[in-house]
Amino acid sequence: MTTVSTTRQELDYAGSERLTMNMGPQHPSAHGVFRAILQLEGETVVGVDAVIGYLHRCHEKLAETLTYAQYPSIASKTDYVAAMTSEFAYVMAAETIGKIEVPKRAQYLRVITSELQRVASHLLWLGTWCLDMGGALGGGATIFLYCIREREDILDLFESLVGARLLYGFYQVGGVRYDIPDGWATKCRETVDLIDQRINEYQRMLEENPFFLVRTQGVGVISRELAEDVGISGPLLRGSGVAYDLRRATPYSSYEDFEFNIPVETAGDCFARYRVRMVEFRESLRIVRQALDKLPEGPISSRPGLKSVAQTRIPKGETYARIEGARGEVGCYLIADGSAKPYRMKWRGASFSNLAVLPHVIPGHKVADVVAIMGSVDPVFGEVDR
Amino acid sequence: MMEALTPFIAPFIVMNAVLGIVTYVTLLERKFAARMQSRIGPYRVGPHGLLQPIADAIKLMMKEDVVPTAADRPIYNLAPIVFVLPCMFIFATIPFAPGLGVADLNIGVLFFLAVSSMEIVGLFMAGWGSNNKYALLSAMRAVNQVISYDLPFIFAALTPVLLAGSLKLSDIAAAQAGGAWFIFYPVIGQLAFIAFIVSTVAAENRAPFDILEAESELVAGFRVEYSGMKFALIQLGEYAHIIGSSFLGALLFLGAWAGPGPEWLDPIWFLTKAMFMFLVVTWVRWSFVRIRVDQILALSWKALLPFTLLLLIATAIVVVWRGPGV
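Numbers given to residues run from 1 along each chain, matching the order in which its sequence is written. Chain labels run from A onward and ligand labels from 1 onward, assigned in the order the entries are written. Restriction of local features to residues with pLDDT of at least 70 applies here, the model being predicted, together with a cutoff of 80 or more for giving and counting side-chain atom pairs; totals for whole chains, interfaces and linings are based on all residues. Excluding hydrogens and water, the side-chain values take into account all heavy atoms of the structure.

**Let's talk about the overall build of chain A**
Next, step 1: Numbering of helices and strands starts at the N terminus; helices are DSSP runs of H or I of at least 4 residues and strands are runs of E of at least 2. Along its length, chain A carries 15 helices and 8 strands.
Next, step 2: A compact globule built from 386 residues should have a C-alpha radius of gyration of about 21 Å, and chain A, at 22 Å, falls within 12% of that.
Next, step 3: On the principal axes, the C-alpha backbone points of chain A span a range of 70 × 55 × 45 Å.
Next, step 4: Whether a residue is buried, partly exposed or exposed follows from its accessible area with a 1.4 Å probe, protein chains only, as a fraction of its type maximum: under 20%, in between, or over 50%, in that order. Per-residue burial for chain A yields a buried fraction of 58% across its 386 residues.
Next, step 5: A separation threshold of at least 6 residues defines the contact pool for chain A, and within that pool the share at least 24 residues apart is 71%.
Next, step 6: Note that His is not counted, nor are the chain ends; the positive residues are Lys and Arg, and the negative ones are Asp and Glu. Think of each charge as sitting on NZ of Lys, CZ of Arg, CG of Asp or CD of Glu. On chain A, the mean spot of the 43 positive side-chain charges and the mean spot of the 48 negative ones are 5 Å from each other. The globule rule used for comparison is 2.2 Å times the number of residues to the exponent 0.38, while the radius of gyration itself is calculated over C-alpha atoms. In what follows, a contact means two residues having at least one pair of non-hydrogen atoms within 4.5 Å.

As structure tokens, then:
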């Protein structure tokens, strides 16, 4: 029988007034299981040690054991908040190696779903970020519940399209799995209009709120140099003054057919990242509208009538496919050996690379800013740890 | 016989009334917040969730009382009581209708302000005794904040005192008889009311000034290690403090029990006005994001404190010039 030791640990204050505090892995503001070991001097953070790996699920090894037809549904579990984008990167890599054509209609459907997914992901980000700053028992919860309400509408659209609400398996090598049902386009337009209007409400609610401004402006500044050195991508990079978006830089899946702007802010603080995402909401909705207008007739897959999961074979070769996800560059490095399963697969998660900026930015800020900065980075730990 | 028992019966009635109000005010807040957030709120327990507070109370009583091994036991166990007592004492001086109250002291406002700032002792004991880093940080923030906001709170509350020319709460209420509420006093009344609302929100540790609870940073702040009835006592104390401040605000600015109708409606009018004050605070709570500790202190010392001090001096000049009363 063991006895619990009741001797007290004497705190060592000799020569140091620093307090080591664990934020996470279980913490109300952690967007998943992230552990930050903070060194505090009073309220000020002087050092941060980021610990990740609590959600590692061997995704890359798993991909070697699953066929090209099976893995897309699993790929959606890497970034479960924007599940469409990881599937997209995976099938795009397989299509590049196999030189598989994707019909125009399938390309447009991919654009519609991934842009709707971006809006849904940004809505969740806005809600949880305000929740971090405003508290679950405060104004943050109000914004959060509003955002969830709108995200629900998008998930309803996905549900009527795919049958699933969170993890879809909608993309497959050579096209998409389902065509849009009757009346879906009309419902989609209504939802898009509604969200467009609601985004304006949120923007007014937040930007006319001085407390929100003092919490975000000048907080967590990522300079352009730091952004480029660390290799962050997505809204973070654009918030630091770099106009780089893969949809424009290396257009894929017919993105060149649509008109949209790439928002760029130069301040590099939390507010700049917020502004970038607020514009991205509108731009994504704009792309969805255009894609619905121009949606061509035709097949939705170049490889119809799949009889068995092993039927899709990809010839020998390797490639790196990348797309612009909601959080930045989602990349998939794939080596095919001619069989029905990949030989090796490697993910480049946007959240993982974006998270690397935290230790450079957080020191010097107050404890309350840590959650604001972490929220503005918008990490999804499924994608960080994979 | 009755005369001799009054000092015992009156506090008993008031305390139970306060407990009842506090219990049901949580439901009011949850319903109100739910409306703001386009939800329904508690609905399952009883018709429209009316029995929810009772279910919550039973749940809290049945919870296991966990004491951390490393906690400083005497301090840890005493803290909720030390916290809840001043929050209950503040009701002692409030007259709920003419002649209906525990003790209408001639220094009523002073007693209220002095006792309500005593809660910081229990709060710091809870933060220290838990031997938890989050709780300690929260207790540190609490001391910063409560000290910074008690001064503007006192200055804002003293404005009606100057206008009425008395510290006795029933005199202040009587000075506003006939609809001459101090909130309607030109310029000074409105400014003092705003300052009072801001500093009560801060002194009550409610969002956007709830940095000591700050669950996204400090999990639950000073009460992170408390469970069961000890947690319930802390919750009770907080809400009692809020209700007490709402009654004080309604008395100082909204004419206390003055209202149309027969005399027996007086306490109901007072309660309605206090609930109005409570809902204003709740409305603020559920619409703003929290601000940072340094920003809170800056707001108090650089803006609110000089502002309320100047307001108090201006009020004093006006009162000397025009004489007390509206």
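**Section: the packing of helix α6 (residues 184-207) of chain A against helix α11 (residues 270-294) of chain A**
All names here are of chain A.
Next, step 1: At a closest axis distance of 10 Å, the pairing of α6 and α11 adopts a crossing angle of 160°. Relative to α11, the element α6 lies roughly antiparallel. Crossing hand, α6 versus α11: left-handed.
Next, step 2: Following the grouping adopted for this structure description, the nonpolar residues are Ala, Val, Leu, Ile, Met, Phe, Trp, Tyr, Cys and Pro, the charged ones are Asp, Glu, Lys and Arg, and the polar ones are all others, Gly among them. Within the contact of α6 with α11, the residues separate by chemical class into 14 nonpolar, 2 polar and 8 charged. Lines are fitted to the C-alpha atoms to define the axes, a helix being fitted only along its stretch in contact, and any angle between axes, read from their N-to-C directions, falls within 0 to 180 degrees. Geometric relationships in this document are graded by angle, where less than 35 degrees denotes roughly parallel, more than 145 denotes roughly antiparallel, 65 to 115 denotes roughly perpendicular, and other angles denote oblique. A clockwise turn of the near helix away from the far one marks a right-handed crossing, whereas an anticlockwise turn of less than a right angle marks a left-handed crossing.

**Here's the deal with the side chain of B:S166**
Residues and elements named next belong to chain B.
Next, step 1: Checked against the element boundaries, S166 lands in the loop between α6 (133-164) and α7 (169-175).
Next, step 2: According to the relative accessible area criterion, S166 is buried, its value standing at 14%.
Next, step 3: The residues contacting S166, other than those within four sequence positions of it, are V161, D171 and I172.

**Here we look at the interface of chain A and chain B**
Next, step 1: Each partner contributes to the interface: chain A provides 41 residues, whereas chain B provides 33 residues.
Next, step 2: For the pair chain A and chain B, the summed buried surface comes to about 3,100 Å²; carbon and sulfur atoms form 62% of the total.
Next, step 3: Throughout this description, the term salt bridge denotes a Lys or Arg side-chain nitrogen within 4 Å of a carboxyl oxygen of Asp or Glu. The interface formed by chain A and chain B includes 1 salt bridge.
Next, step 4: Notably, a salt bridge pairs A:D369 with B:R292, separated by 2.9 Å at the nearest N-O pair.
Next, step 5: In protein, a polar contact requires one atom able to donate a hydrogen and another able to accept it; more generally it is a pair of N or O atoms within 3.5 Å, and residues adjacent in sequence count only if both atoms are side-chain atoms. Our enumeration of links across chain A and chain B arrives at 10 residue pairs in polar contact (both at pLDDT 80 or more).
Next, step 6: Secondary structure elements with two or more residues in the side of chain A that touches chain B: β1 (19-23), α4 (104-134), α5 (139-162), α7 (210-216) and α14 (367-377) of chain A.
Next, step 7: The dominant element in the side of chain A that touches chain B, judged by the number of residues it contributes, is α5(A), at 7 residues.
Next, step 8: Class assignment for the residues of the side of chain A that touches chain B results in 20 nonpolar, 14 polar and 7 charged. Note: buried area is the sum, over both parts, of the accessible area (probe 1.4 Å) each one loses when the two are combined.

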